[in-house]
Amino acid sequence: WNVPVILVSILVNFAISAGFQNLTDLEEVEEVSVTGRKKFLLVFGILFNILYLCAFKYASAYEGILRGRFSLPEDFSILFPIGISYYTLSQIPFVADRYREETEHDTFLNFTLTTVFFPKLAEGPIIRYGKVAPQFHDPKRREFSPDAFMRGLVRFFLGLAKKVLIADRLAPAS
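In this text, all values refer to a predicted model and were calculated from it rather than measured experimentally.

1. Side note on the nonpolar core
Reasoning step 1: Ranked by internal contacts, the top residues of the largest apolar core, which has 22 residues, are Val5, Phe20, Ile84, Val95 and Phe111.
Reasoning step 2: If you list the elements that add at least two residues to this core, you get α1 (2–30), α2 (35–57) and α4 (84–99).
Reasoning step 3: When residues of this core are assigned to their parent elements, the largest contribution, seven residues, is made by α1.
Reasoning step 4: When sequence neighbours within four positions are dropped, the list of residues in contact with Phe20 reads Lys38, Leu41, Leu42, Val95, Arg98 and Tyr99.

2. A short note on the packing of α2 against α4
Reasoning step 1: Interhelical geometry of α2 versus α4 gives an angle of 175° and a closest axis separation of 9 Å. Relative to α4, the element α2 lies roughly antiparallel. For the pair α2 and α4, contact is made by Lys38, Lys39, Leu41, Leu42, Gly45, Ile46, Asn49, Ile50, Tyr52, Leu53, Phe56 and Lys57 and by Ile84, Ser85, Thr88, Leu89, Gln91, Ile92, Val95, Ala96 and Tyr99, respectively.
Reasoning step 2: Here the residues of the contact of α2 with α4 are counted per class, giving 13 nonpolar, five polar and three charged.

3. Things to note about the confidence of the model for the protein
Reasoning step 1: Within the protein, residue pLDDT values average 83, and 92% of them lie at 70 or more.
Reasoning step 2: Confidence, expressed as mean pLDDT per element, reaches its minimum in the protein at helix α6 (residues 118–123) with 53 and its maximum at α2 with 92.

4. Focus on unusual backbone geometry
Reasoning step 1: Despite not being glycine, Glu101 has its phi angle at roughly 60°, a positive value.
Reasoning step 2: Residue position: Glu101 is located in the loop between α4 and α5 (108–115).

5. Observations regarding the pattern of salt bridges
Reasoning step 1: One pass over the structure, following the stated rule, counts six salt bridges.
Reasoning step 2: Lys38 is the partner of Glu101 in a salt bridge, and the nearest nitrogen-oxygen pair spans 2.6 Å. One end of the pair, Glu101, is in the loop between α4 and α5; the other, Lys38, is in helix α2, with 63 residues separating them in the sequence.
Reasoning step 3: Glu101 sits in the partly exposed class, given a relative accessible area of 43%.
Reasoning step 4: Overall, the relative accessible area of 7% leaves Lys38 in the buried class.
Reasoning step 5: Residue Asp97 is joined to Arg100 by a salt bridge in which the shortest nitrogen-to-oxygen separation is 2.8 Å.
Reasoning step 6: Look at Asp97 and you get buried, because its relative accessible area is 3%.

The rules behind each value
- Residues numbered from 1 in each chain as written.
- Predicted model: local features only at pLDDT ≥ 70, side-chain atom pairs only at ≥ 80, totals over all residues.
- Heavy atoms only, no water.
- Core = buried A, V, L, I, M, F, W, Y, C linked by side-chain atoms within 4.5 Å.
- Buried < 20%, exposed > 50% of the residue type's maximum accessible area, 1.4 Å probe, protein only.
- Helix = DSSP H or I, 4+ residues; strand = E, 2+ residues; numbered from the N terminus.
- Contact = heavy atoms within 4.5 Å.
- Axes fitted to C-alpha atoms, helices over the stretch in contact; angles between N-to-C directions.
- Parallel < 35°, antiparallel > 145°, perpendicular 65-115°, else oblique.
- Nonpolar A, V, L, I, M, F, W, Y, C, P; charged D, E, K, R; others polar.
- pLDDT = per-residue confidence, 0-100.
- Salt bridge = Lys/Arg side-chain N within 4 Å of Asp/Glu carboxyl O.

So this is what it looks like as structure tokens:
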């Protein structure tokens, strides 16, 4: 259920990014002003993301209406996709950064990886695209390094130990 929801968001926002790139290219080649079209894309991108989020955030309010109008069963429920707030709200600064040309248009794969980066989706914070995307272009990060793998494992287990030994014991006190 989450995959189609996030895929629609990714496709629309990637298309907006491509639109900004096409307008920038047009402006450079033909020396025409495309400011109005860029503003339209900016407003469209922001409104799309806000309305898309609201459609799922407030879906439970529509359940009763849908149940009555379409004779749906009583156990009918619209599920709230996991992480939708994080990835949708991270798209708004991305659209704004593309409008201001602070972020380059990237490949679909890199854009998708940045959008669905799991730790960001599960807990936040909302990270700007320009801070994460360069990591995907670094050739050193594309190769497996046993040393980096071991550093990652040590870091993971230290974090797990802190959680189990400290945080779990302090939780009942709070």
